[in-house]
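Coordinates in review
Spelled out, the chains give:
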Amino acid sequence: MNDILPGESSSWQYLEDTLREVVHAYGYQEIRLPLLEQTELFKRSIGEVTDIVEKEMYTFDDRNGDSLTLRPEGTASCVRACMQHGLLYNQLQRLWYAGPMFRHERPQKGRYRQFHQIGIEAFGMAGPDIDAEIIFMSARMWERLGLRDAVLQINSLGTLAARAEYRTALVAYLRKHESGLDEDSRRRLDSNPLRILDSKNPEMQELIGAAPRLPDYLDDESRQHFSELCALLDNAGVAYEVNPRLVRGLDYYTKTVFEWVTDQLGAQGTICAGGRYDGLVEYLGGKPTPAFGFALGLERLLALLQAGKVDIPQHHPHVYLVLNGLQAVQHGMVFAEDLRNALPGMRLLTNCGNGSFKSQFKRADRSGAGIALVMGDNEVREGTVILKSLRDETEQETVLQQHVAARIHAVIEAG
Ligand code: ATP
Ligand code: MG
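Throughout what follows, the structure given in this document is the object of discussion. This is a predicted model, so every value here is computed, not measured. (Residues numbered from 1 in each chain as written. Chains lettered and ligands numbered in written order. Predicted model: local features only at pLDDT ≥ 70, side-chain atom pairs only at ≥ 80, totals over all residues. Heavy atoms only, no water.)

1. Side note on the overall build of the protein chain
Counting secondary structure elements, the protein chain contains 15 helices and 16 strands. Against the 2.2 N^0.38 benchmark of 22 Å for 415 residues, the protein chain shows a C-alpha radius of gyration of 28 Å, more extended than a compact globule. Principal-axis analysis of the C-alpha atoms gives the protein chain an extent of 90 × 55 × 50 Å. Across the protein chain, every contact between residues at least 6 apart in sequence was considered, and the portion connecting residues at least 24 apart equals 70%. Surface accessibility of the protein chain: about 20,600 Å² in total, with carbon and sulfur atoms responsible for 49%. Side-chain charges of the protein chain comprise 45 positive and 57 negative groups, with the mean position of each set lying 3 Å from the other. (Helix = DSSP H or I, 4+ residues; strand = E, 2+ residues; numbered from the N terminus. Rg over C-alpha atoms; globule rule 2.2 N^0.38 Å. Contact = heavy atoms within 4.5 Å. Areas by Shrake-Rupley, 256 points an atom, 1.4 Å probe, with all protein chains shown as cover. Lys, Arg positive; Asp, Glu negative; His and termini not counted. Charge placed at Lys NZ, Arg CZ, Asp CG, Glu CD.)

Set out below in C-alpha cells:
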C-alpha cells in the first residue's frame with residue numbers, strides 16, 4: 001500500500017482530471033460507493049473460485065460479527081447500490097466511479113495491495129452499440145494522455161448457454177490431459193475451467209494452445225453481436241486484435257470481453273479490462289439487466305506516462321511573496337488575500353517565518369514559482385511591490401500594488 005507523496009500528487013491529479021473529462025464527454029455520471037461491503041456480495045458476484053475471492057480479499061468480522069470485506073473491485077458494489085436504490089428500474093444508467101481497491105496479492109511492479117481504479121458501468125443496454133461507445137471512450141483516454149502503445153484485444157464469451165456447451169467440451173479435453181495440468185488448474189477443472197485458459201504458467205501454454213476454441217462454440221446471437229461490434233470499431237477506425245483465448249478472471253462475463261495491453265510494463269501489461277456481464281444483476285436478485293463495463297488501473301497508467309516521458313503538468317505556485325519586516329508581513333498578508341480574490345486560478349505562496357532576503361529567495365526558487373513579489377517596509381509606504389521573474393534574467397521592476405493583479409494575470413496567460 002503506497003503513500004502518494006506531495007511530489008507525485010500533481011501527476012495523479014492530472015491523470016484523474018484528464019480521465020474525468022473524457023468520461024464526462026460521454027455523459028456518464030459519478031456514483032460514490034463505500035469501501036466496505038458484506039463479504040457475501042463479493043463471493044456471489046465475483047465467484048467463489050476466482051483468485052480474488054480465494055486468496056486476495058481483506059476480510060474481517062466487525063463488532064457485530066458481520067463479515068465485511070474491503071472492496072477488491074467496484075462492479076459488485078455498483079450493482080448492489082443500483083439495485084438497492086431502484087436505479088435499474090425501467091432506466092438506462094451510464095455510471096463511473098474512482099477510488100482505491102484492495103487485494104492481498106504478492107506486491108511487485110504494477111501490482112499493489114491498495115491500488116486505484118476508475119470504473120465505468122452501463123446498465124440496460126443490450127446491443128453492441130454501447131460496447132462500442134465504451135471502447136471508444138477507453139481509446140479516447142489513451143489518446144488524451146498521449147499513450148500510443150496500447151493494443152486492444154477483444155473476444156466473445158458467448159451467452160451463458162453457449163459457454164456451458166463450450167465448458168463441457170473444454171473440461172472433456174482437459175480431463176484427457178489432466179497429467180499436464182498444474183495444481184491450480186486441476187483444482188479449477190470442475191469449478192472454473194475457463195480460467196485455466198488464462199493461466200500464465202509457461203509449461204501449460206502448449207496444452208492450452210491445442211484446447212477447443214471458444215469462438216467455435218458461439219451461438220448465433222453472440223456471433224452476430226460480435227460481428228456488429230467489430231463493424232462499429234472498423235467504422236470508427238479503432239484498431240483491435242481478436243484474441244480467442246481472452247477470458248476474464250471474473251465469472252459473470254457474457255459476450256464481449258476486452259483488454260488494453262501494453263508491452264511497456266513487463267508482466268503487468270493490462271491497463272484496462274472489461275466487458276459485458278448480462279447475467280450479474282439477475283444473479284444478485286434483480287430483474288434481468290444487460291450491463292457493460294470496464295476498470296482501469298491508475299498506477300499502471302501512471303507508470304506508462306512516466307515510461308513514455310509524457311509531460312505531466314505540475315501544480316507549482318505561480319507566485320512567491322517575499323516579505324521583509326513587521327509592517328510588510330502585516331500588509332503583505334492582506335495584499336495576498338486581495339490578489340487571491342482578484343485571480344481565483346492563481347497559486348500564491350506567502351513566505352512565513354521571516355528570514356533574510358537570501359533565504360526567502362532560496363525558498364522561492366525551491367517552490368517552483370515563476371514570479372517573486374517582494375515587499376519591504378519601503379514598498380508598504382509607497383504602495384508598491386517589486387516584481388521579479390524567477391525563470392529568466394529580465395530586470396526586476398517596481399509596480400504599483402493595484403497593478404500587480406493585471407501583470408500576474410498576463411504572465412500566467414502567457415504560460
Ligand atoms: P491481472 O490479470 O493483472 O491480475 P485482473 O484481471 O486481476 O488483472 P481486473 O480485476 O480486471 O484485473 O482490474 C482491472 C485493472 O485494474 C487491471 O487491468 C489493472 O490495470 C488494475 N489492477 C488490478 N489489480 C491490480 C493490482 N493489484 N495493482 C495495481 N493495479 C491492478
Ligand atoms: Mg488479478
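There's more to say after this.
2. Description of the packing of aromatic side chains
One pass over the structure, following the stated rule, counts 6 aromatic pairs. When the centroid spacing of 5.8 Å and the interplanar angle of 80 degrees are considered together, the rings of Trp-142 and Trp-260 count as edge-to-face. Highlighted residues: Trp-142 in helix 5 (residues 128-145) and Trp-260 in strand 9 (residues 254-261), separated in sequence by 118 residues. Owing to a relative accessible area of 3%, Trp-142 belongs among the buried residues under this scheme. Site record: aromatic cluster; members linked through ring pairs are Phe-123, Tyr-253 and Tyr-277. If you follow Arg-44 out to its NZ or CZ, it ends over the ring of Tyr-283, 4.7 Å from the centre. (Phe/Tyr/Trp six-rings, centres within 6.5 Å; stacked < 30°, edge-to-face > 60°. Buried < 20%, exposed > 50% of the residue type's maximum accessible area, 1.4 Å probe, protein only. Lys NZ or Arg CZ within 6 Å of the ring centre and 35° of its normal.)

3. Digging into the sheet that holds strand 13 (residues 348-350)
Backbone hydrogen bonds are what pair the strands of a sheet, in a parallel or an antiparallel way. Read across the open sheet, the 5 strands follow the order 13-12-14-15-16; overall the sheet is mixed. Strand pairing shows two members of the sheet lacking a second neighbour, strand 13 and strand 16 (397-400), which therefore form its edges. Mean inter-strand twist for the sheet, computed between neighbouring axes without regard to direction, equals 30 degrees. Against the sheet, helix 13 (residues 357-367) touches strand 12 (319-324), strand 13, strand 14 (371-376) and strand 15 (384-389), its axis set at about 170 degrees to strand 12. (Pairing = 2+ DSSP bridges. Axes fitted to C-alpha atoms, helices over the stretch in contact; angles between N-to-C directions.)

4. Focus: unusual backbone geometry
Positioned with a positive phi, Lys-309 is a non-glycine residue whose angle comes to about 55 degrees. For Asn-354, which is not a glycine, the phi torsion comes out positive at approximately 55 degrees. Among the structural elements, Asn-354 can be located in the loop between strand 13 and helix 13. The class for Asn-354 is partly exposed, based on a relative accessible area of 48%.

5. Considering the nonpolar core
Judged by nonpolar contacts, the single largest core of 45 residues is most densely connected at Tyr-28, Trp-142, Leu-296 and Leu-301. The dominant element in this core, judged by the number of residues it contributes, is helix 5, at 9 residues. Other than its neighbours up to four places away in sequence, Leu-301 contacts Leu-15, Leu-19, Trp-142, Leu-145, Leu-147, Ile-271 and Leu-296. Judged by nonpolar contacts, the second largest core, of 44 residues, contains Leu-88, Phe-115, Leu-194 and Leu-207. (Core = buried A, V, L, I, M, F, W, Y, C linked by side-chain atoms within 4.5 Å.)

6. Focus on the site of ligand 1
Near ligand 1 there are 15 residues, and of these Arg-103, Glu-105, Arg-111, Tyr-112 and Arg-248 occur at the shortest range. Between ligand 1 and the protein, one listed contact pairs an oxygen atom with a side-chain N or O atom of Arg-103 at 2.8 Å. Contact distances for ligand 1 include 3.4 Å between an oxygen atom and a backbone N or O atom of Gly-297. About the coverage of ligand 1: the protein hides 87% of its 590 Å² of free accessible area. (Near = heavy atom within 4 Å. Polar contact = N/O pair within 3.5 Å; in protein donor to acceptor, adjacent residues only side chain to side chain.)

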